[in-house]
Amino acid sequence: MSKLEQQIESDFLTAFKNKQKEVLNVLRLIKSSIKNESIAQKKSELADEDIIKVLKREAKKRQEAISAYQQGQRLELAAKEEKEL
């Protein structure tokens, strides 16, 4: 397990123990994205560089969703995406 992946797992456990729902949901999304990428690349583990690429891709998705929600006057959904970002 890479150092970055270990940090994400540690943060996940801390958020779980402290019952921080928003942080926990974001970390679940991150872990899921990392897992999906490792399956797509047919690797058991991703390097830190690959994980950073996944995180940047997910951040870009959130930014695009925020723009789309704001254009569609869906401010409550835009606010939710901003919290995830």
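First, a word on scope: everything that follows refers to the structure included in this document. Counting from 1, residues in each chain are numbered in the order their sequence is written. Only residues with pLDDT of at least 70 are given local features in this predicted model, and only at 80 or more are side-chain atom pairs given and counted; all residues enter the totals for whole chains, interfaces and linings. Based on all heavy atoms of the structure, the side-chain values leave hydrogens and waters out of the count.

1. Topic: the environment of Leu 77
In plain terms, the rule: Only DSSP runs of H or I covering at least 4 residues are called helices, and only runs of E covering at least 2 are called strands; the numbering of each starts at the N terminus. Only protein chains enter the accessibility calculation, which uses a 1.4 Å probe; a residue is then buried when its area is under 20% of its type maximum, exposed when over 50%, and partly exposed in between.
Following the sequence through the fold, Leu 77 ends up in helix α4 (residues 75-84). Looking at Leu 77, the relative accessible area reads 25%, which means it is partly exposed. The spacing of Leu 77 and Glu 58 is 19 residues in sequence and 16 Å in space, taken between C-alpha atoms.

2. Side note on the pattern of salt bridges
Opposite charge on two side chains allows them to pair when their charged atoms are near. So the rule is basically this: The term salt bridge refers to a side-chain nitrogen of Lys or Arg lying within 4 Å of a carboxyl oxygen of Asp or Glu.
Counted under the stated rule, the structure contains 10 salt bridges. Glu 9 is paired through a salt bridge with Lys 31; the nearest N and O atoms lie 2.8 Å apart. Of the two residues, Glu 9 is situated in helix α1 (residues 3-17) and Lys 31 in helix α2 (residues 21-40); the sequence distance between them amounts to 22 residues. The class of Glu 9 is partly exposed, set by a relative accessible area of 26%. Lys 31 sits in the partly exposed class, given a relative accessible area of 29%. Between Arg 57 and Glu 37 there is a salt bridge, and its shortest N-O distance comes to 3.2 Å. Here Glu 37 lies in helix α2 and Arg 57 lies in helix α3 (residues 48-71), a separation of 20 residues in the sequence. Residue class for Arg 57 comes out partly exposed when judged on its relative accessible area of 36%. With a relative accessible area of 16%, Glu 37 lands in the buried category. Within this structure, Glu 58, Lys 61, Arg 62, Lys 80, Glu 81 and Glu 84 form a network of salt bridges that share partners.

3. Some remarks on the packing of aromatic side chains
Using the following cut-off: A pair of aromatic rings is counted whenever rings of Phe, Tyr or Trp (Trp by its six-membered ring) have centres within 6.5 Å, and the orientation is called stacked for planes under 30 degrees apart, edge-to-face for over 60 and tilted otherwise. Placement of a charge over a ring requires the Lys NZ or Arg CZ to be within 6 Å of the ring centre, with the centre-to-atom vector within 35 degrees of the ring normal.
Under the criterion given, the structure shown has 0 aromatic pairs. Above the face of the Phe 12 ring, Lys 31 is positioned so that its terminal group lies 4.2 Å from the ring centre.

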